[in-house]
Amino acid sequence: MDIHEYQAKEVLSNFGVEIPAGALAYSPEQAAYRAREMGGDKWIVKAQVHAGGRGKAGGVKLCDTDDEIQSACEDMFGKKLVTHQTGPEGKGIYRVYVEAAVPIDREIYLGFVLDRTSQRIMIVASAEGGMEIEEISETKPESIVRSTVEPAVGLRDFQAREIAFKLGIEPGLTQAMVRTLQGCYLAFRELDATMVEINPLVVTGDNRILALDAKMTFDDNALFRHPQISELRDKSQEDPREARAADRGLSYVGLDGNIGCIVNGAGLAMATMDTIKLAGGEPANFLDIGGGATPERVAKAFRLVMSDENVQAVLVNIFAGINRCDWVAEGVVQALKEVKVDVPVIVRLAGTNVEEGQKILAKSGLPIIRATTLMEAAERSVAAWKSDHPLNLKAV
């Protein structure tokens, strides 16, 4: 789960990371009022969307007066911000963050990520801040500092000081940098985050270290332990299909293809998408309905897949281990009777009681296209999608 910049800054500030003065606004008038409350003579207005590259897309503007703040906000509110991370559909702007401008002496990149190779939290930093880490690694890879944290002892002060020295932090600011690193690490560890990024972390002209921007991502599976983080979720920034799936306990990722997938097991779902591609088709989604493929759960999956108007065929691929194929087949038949599905449905069953499952599908009287292997299922899905009259494709 992603959260907004202003939320990430509030979280990090609770762990000792220093941030500039700022306030949230939901209208141009409120934004101007927030600026007057803070005082000063320059402010930054930032669109709050779950995407990077906002500055290049016009989502970050420097303002000198109330009129400029209101004008900047009027250009943002209700619009779609399109960046290299949002795709052409963009993200809607419904709130802005007004922040007091600070005198910047230098910019630093700082990131905490979960390195699955070493199974450790890895700190990635660079003295070349203000750019995306991908751009830094391509243009100035020698500037990147990497350090893994030993989970048994955590981030020690000497390790944080070593990072500060490699980044060229002045001796007088070393302790402030240590506090920043320790704060980010504690927030990452205690809140089950999967990513903390501050870009840029700035050294100001008055010798402070401030987080000028912040991003945080959290492990969805651990949110039950952190209700205060769950409350920060903004569904307006999510793919509506993925939001509906999450609310129904389904693992779903929307894609750009037209063959919907209903599969039990993440690995099998990945293999199903790969096989569809191999057969010449394009998967419309990743959907793992999990081990309990009950009729109710299968019906939820069909409703979710059919909510995508691009879907022109549905492939159900179930390997029954804990489940039984006859139960799954009954679930598919019941789901198709409850949910309006006006595209071809291809079902491949394997595993326990597969013969009984195939008989149930055959006796249902529904136009279900059956397959015995994954490759056969993928090929029949592609054929059904490409057919001029796909519903007339013979059910076998």
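Chemist: When you look at the pairing of strand β16 (residues 313-320) in this model, what are you seeing that I'm missing?
Modeler: Put simply, side chains in a regular strand alternate between the two faces of the sheet. β16 sits mainly inside the fold: seven of its eight residues count as buried. Inspection of the sheet shows strand β14 (residues 259-263) paired to β16 by five bridges, in the parallel sense. Counted as the bridge partner of Val263 is Asn317 from β16. In this structure, β16 lies alongside strand β17 (residues 345-351), joined through seven bridges in parallel fashion. From the neighbouring strand, Val314 faces β17, where its bridge partner is Val345.

Chemist: How should helix α1 (residues 5-13) be read in this particular structure?
Modeler: What sets the pattern is the α-helix's 3.6 residues per turn: residues three or four places apart point alike. α1 sits mainly inside the fold: seven of its nine residues count as buried. Within the sequence span of α1, burial applies to Glu5, Tyr6, Gln7, Ala8, Lys9, Val11 and Leu12.

Chemist: I'm lost on the environment of Gln334 in this one. Help?
Modeler: Here Gln334 lies in helix α11 (residues 325-338). Its relative accessible area of 31% is what places Gln334 among the partly exposed residues. A C-alpha to C-alpha distance of 6.4 Å links Gln334 and Pro295, two positions 39 residues apart in sequence. Setting aside residues up to four positions removed in sequence, Gln334 forms contacts with Pro295 and Glu296.

Chemist: When you look at the confidence of the model for the chain in this model, what are you seeing that I'm missing?
Modeler: In this model, the chain carries a mean pLDDT of 88, and residues with pLDDT of at least 70 account for 96%. Low confidence marks residues 388-396, where pLDDT is under 50. Its contacts with residues over four positions away, or in another chain, come to 16 contacts.

Chemist: Explanation requested: the pairing of strand β2 (residues 43-47) in the structure shown.
Modeler: Of all the five residues making up β2, five are buried; the element is thus mostly covered by neighbouring parts of the structure. Of the two faces of β2, both are covered, the one formed by Trp43, Val45 and Ala47 as well as the one formed by Ile44 and Lys46. When β2 meets strand β3 (residues 60-63), the two strands line up antiparallel, connected through four bridges. Bridging across to β3, Trp43 finds its partner in Cys63.

Chemist: I keep staring at the sheet that holds β3 and nothing clicks. Help me out?
Modeler: Hydrogen bonding along the main chain pairs the strands of a sheet, whether they run parallel or antiparallel. Strand order in the open sheet formed by four strands is β1-β6-β2-β3, with antiparallel pairing between adjacent strands. What marks the edges here is a single partner per strand, and that holds for β1 (22-25) and β3. Strand-to-strand twist in this sheet, taken as the mean axis angle between neighbours without regard to direction, amounts to 20 degrees. Where β1 and strand β6 (residues 96-100) come together, four bridges link them in antiparallel fashion. Looking at β6, one finds that Leu24 is bridged to Tyr97. Contacting β1, β2 and β6, α1 crosses the sheet at an angle of about 55 degrees to β6. Sheet contacts for helix α2 (residues 28-38): β1, β2 and β6; angle to β1, the most-contacted strand, approximately 160 degrees.

What counts, and at which threshold
Residues numbered from 1 in each chain as written. Predicted model: local features only at pLDDT ≥ 70, side-chain atom pairs only at ≥ 80, totals over all residues. Heavy atoms only, no water. Buried < 20%, exposed > 50% of the residue type's maximum accessible area, 1.4 Å probe, protein only. Helix = DSSP H or I, 4+ residues; strand = E, 2+ residues; numbered from the N terminus. Pairing = 2+ DSSP bridges. Contact = heavy atoms within 4.5 Å. pLDDT = per-residue confidence, 0-100. Axes fitted to C-alpha atoms, helices over the stretch in contact; angles between N-to-C directions.

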